[in-house]
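Analysis of the macromolecular model
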Amino acid sequence: ATTGGNPLFALEAGGGDRGFNSVNSLLSARFDRLASAEMELLDVAVVTGSEFYADLVAAAAGRDLGSVLEALESAEDAGLITADPREPLHFSFVHALFRTVRYDSMRASTRLRLHGAIAAVFVVNAVMGVEVSTQRLWQRASELGVARLIYVNMLDRERADFFRALDSLKEAFG
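The paragraphs below set out a description of the structure included in this document. (Residues numbered from 1 in each chain as written. Predicted model: local features only at pLDDT ≥ 70, side-chain atom pairs only at ≥ 80, totals over all residues. Heavy atoms only, no water.)

What about the packing of helix α4 (residues 54–61) against helix α5 (residues 65–77)?
- Two numbers describe how α4 lies on α5: the axes approach to 9 Å, and their chain directions differ by 115°. As α4 packs across α5, the resulting crossing turns out to be right-handed. On the side of α4, the interface is formed by A54, D55, V57 and A58, while α5 contributes L65, V68, L69 and L72.
- Considering only residue class, the contact of α4 with α5 consists of seven nonpolar, no polar and one charged. (Axes fitted to C-alpha atoms, helices over the stretch in contact; angles between N-to-C directions. Helix = DSSP H or I, 4+ residues; strand = E, 2+ residues; numbered from the N terminus. Left-handed = near helix turned anticlockwise from the far one by under 90°. Contact = heavy atoms within 4.5 Å. Nonpolar A, V, L, I, M, F, W, Y, C, P; charged D, E, K, R; others polar.)

A word on the pairing of strand β3 (residues 90–93)
- Residues H90 and S92 point to one face of β3 and F91 and F93 to the other, with burial holding for every one of them.
- Relative to β3, strand β1 (residues 51–53) is paired through three bridges, and the arrangement is antiparallel. Bridge pairing links E51 to S92 in β3.
- Direction of pairing for strand β2 (residues 81–83) relative to β3: antiparallel, over a ladder of three bridges. In the strand pairing of β3, I81 is matched with F93.
- The antiparallel pairing of β2 with β3 creates a hairpin that spans six residues between the two strands, and L89 there sits at a positive phi of about 75°. (Buried < 20%, exposed > 50% of the residue type's maximum accessible area, 1.4 Å probe, protein only. Pairing = 2+ DSSP bridges.)

Points about the environment of L34
- Turning to its location among the elements, L34 is positioned in the loop between α2 (23–31) and α3 (36–48).
- Look at L34 and you get buried, because its relative accessible area is 10%.
- Considering only alpha carbons, one finds L34 and A78, 44 residues apart in sequence, at a separation of 7.5 Å.

Read these as layout, nothing more, since geometry by itself doesn't imply function.
Following this line, the structure appears as structure tokens:
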């Protein structure tokens, strides 16, 4: 299920890379084609999922879109990812093993940091409800495809009303 029925090693041995004797050597050879800065950006993509958008990687990494696209082109040249010709900025890993092996090799702290970079937590005050700035940031996170979580705080304050806050959230975000 992880590989989608795609026999990577058999495909590569039959017509792709030569000179490797295991799946691990094939994976290592592909990753070794990238500079460390390119691998850092690819790691953000790895955490994002088997399919990802370049603008989300750029936002999560704090890099400009142009440099991210250059790094992703290098990853594409290395045979790790492929661009979707129908949808600009949309990429996917050519095989699940490239993503899975890299993800599994990351330290837990690295994965946690990168997951945090591609998610947004919105804190809503139980007294005030959803504010305009929260709505703007929510929309931007939505445009970037960032996962969003809402946390309602200050429920212990006078005039706090969870149900009023919930109504405010429903009105603002559906």
